Amino acid sequence: MANLWQFFGLPDPEGNSTREAPAAPPAAALTPVHVEQSTLAAIEPAPVMANTTARSLQPSSERLQPPLDWTGPLTPDGEPFHDLGLHTGRPQALPSKALRYVAPDVMKRIHTQPILQRVLQGDTVIVDLRPLVHMESHQMACRRELKYMGDEAGVNIFSLDQEDKLLMIPGINVVVDMEKHELGLTPLM
């Protein structure tokens, strides 16, 4: 009985191969029989064509030899096994751009010089002014300072909410779509 590996034409990695050498047909069945006309009615002709096609459909008992430079796993039968879940590519390089989140420190300050350095490296910075909820004049001073920093870097600052308390500063060479103003999951539903 065939198993799942044979169904897909793959070697069985556990070695539970049900391959058996096909039984050799009798020599009389493969050779043409010369019988006189009188005995022809008593002897049925041998199905020569049926035996040869059935034998050609059997799986071959030849084993595939792995290539000379094969370093992968082998099945118990000695055939090369290609593990599709094994990733042997080159190591992934660390990303050069990041998304940074900045909130006011304990003294309620936003440090713009480190933000400017990150923006010039290509990082996108999200500045959260929501902790300054009761300090409207301090929020305005932080927005003004971020505006000067954005002008110095040559980037625009975008508001992500209606109260202008969540600001996004895209990094250098970061593309921002300004056509659509749809945020959140509501437009997707």
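Residues numbered from 1 in each chain as written. Predicted model: local features only at pLDDT ≥ 70, side-chain atom pairs only at ≥ 80, totals over all residues. Heavy atoms only, no water.

Moving on, we get to the sheet that holds strand 1 (residues 99-102). Reading across the sheet, the 4 strands line up as 1-2-4-3 and stay open at both edges, with mixed pairing between neighbours. On the outer flanks of this sheet lie strand 1 and strand 3 (158-159), each paired with one strand and no other. The pairing of strand 3 with strand 4 (residues 166-169) spans 2 bridges and is antiparallel. Within the sheet, the bridge partner assigned to F158 lies in strand 4 and is M168. Lying over the sheet, helix 4 (residues 112-121) contacts strand 1, strand 2 (124-128) and strand 4, oriented at roughly 150 degrees with respect to strand 2. (Pairing = 2+ DSSP bridges. Helix = DSSP H or I, 4+ residues; strand = E, 2+ residues; numbered from the N terminus. Contact = heavy atoms within 4.5 Å. Axes fitted to C-alpha atoms, helices over the stretch in contact; angles between N-to-C directions.)

Turning next to the pairing of strand 4. Regular strands place side chains that alternate from one sheet face to the opposite one. The side-chain alternation of strand 4 yields two buried faces, one formed by L166 and M168 and the other by L167 and I169. Hairpin connection of strand 3 to strand 4: 6 residues between the antiparallel strands, including D164 at a positive phi of 55 degrees. (Buried < 20%, exposed > 50% of the residue type's maximum accessible area, 1.4 Å probe, protein only.)

Attention shifts here to the nonpolar core. Among the nonpolar cores identified, the biggest contains 16 residues, and I115, V127, L146 and I169 are the most heavily contacted of them. Listing elements by their share of this core, those giving two or more residues are helix 4, strand 2, helix 5 (136-153) and strand 4. Considering each element in turn, this core owes the most residues, 4 residues, to helix 5. Not counting the four nearest positions on each side in its chain, V127 is found in contact with V102, I110, I115, L146, K165, L166, L167 and I169. (Core = buried A, V, L, I, M, F, W, Y, C linked by side-chain atoms within 4.5 Å.)

Along the chain, K165 falls in the loop between strand 3 and strand 4. The buried charged residue K165 lacks any salt bridge, with E136 as its nearest oppositely charged partner at 5.3 Å. (Lys, Arg positive; Asp, Glu negative; His and termini not counted. Salt bridge = Lys/Arg side-chain N within 4 Å of Asp/Glu carboxyl O.)

Another aspect to go through is a nonpolar patch on the surface. Together, L4, F7, F8 and L10 make up a nonpolar patch on the protein surface, roughly 490 Å² of accessible area in all. When you line up the elements, F8 lands in the loop between helix 1 (4-7) and helix 2 (27-30). The exposure class assigned to F8 is exposed, which follows from its relative accessible area of 57%. (Patch = residues over 30% accessible without salt bridge, like charges linked within 9 Å, V, L, I, M, F, W, Y side chains within 5 Å. Areas by Shrake-Rupley, 256 points an atom, 1.4 Å probe, with all protein chains shown as cover.)

Attention now goes to the pattern of salt bridges. Per the counting criterion, the structure on display carries 5 salt bridges. Between R100 and D123 there is a salt bridge, with its nearest N and O atoms 3.0 Å apart. Remark: D123 occurs in the loop between helix 4 and strand 2 and R100 occurs in strand 1; sequence separation between them is 23 residues. Its relative accessible area of 2% is what places D123 among the buried residues.

Let us now look at the packing of helix 4 against helix 5. Interaxial distance between helix 4 and helix 5 falls to 10 Å at its minimum, and their mutual angle equals 35 degrees. As for how helix 4 packs across helix 5, the hand of that crossing is right-handed. Between helix 4 and helix 5, the contacting residues are T112, I115, L116, V119 and L120 on the first element and E145, L146, M149, E152 and A153 on the second. When the residues that make up the contact of helix 4 with helix 5 are grouped by side-chain class, the tally is 7 nonpolar, 1 polar and 2 charged. (Left-handed = near helix turned anticlockwise from the far one by under 90°. Nonpolar A, V, L, I, M, F, W, Y, C, P; charged D, E, K, R; others polar.)

Strand direction decides the pairing type here: strand 1 and strand 2, joined by 4 bridges, are parallel. Paired with R100 across the two strands is V125, which belongs to strand 2. Handedness of the crossover joining strand 1 and strand 2 through helix 4: right-handed. (Right-handed = clockwise from strand over helix to strand, strands pointing away.)

This part takes up the side chain of T75. For T75, the position within the fold is in the loop between helix 3 (48-57) and strand 1. Look past the residues within four positions of T75 in its chain and what remains in contact with it is P11, D12, P13 and F81.

Taking 1.5 Å of rise per residue, 18 residues should cover 26 Å, and helix 5 covers 26 Å from first to last C-alpha, within 8% of that figure. Regarding helix 5, the residues found buried are Q139, C142, R143, L146, M149, G150 and A153. In an axial view of helix 5, the angular spread of the buried residues amounts to 125 degrees, which keeps them on one side of the axis. Among the exposed residues of helix 5, those pointing more than 90 degrees away from its buried face are S137, Y148 and E152. The inward-facing, buried residues of helix 5 abut helix 4, strand 2 and strand 4. (Expected span 1.5 Å × (residues − 1). Arc of directions from axis to C-beta.)

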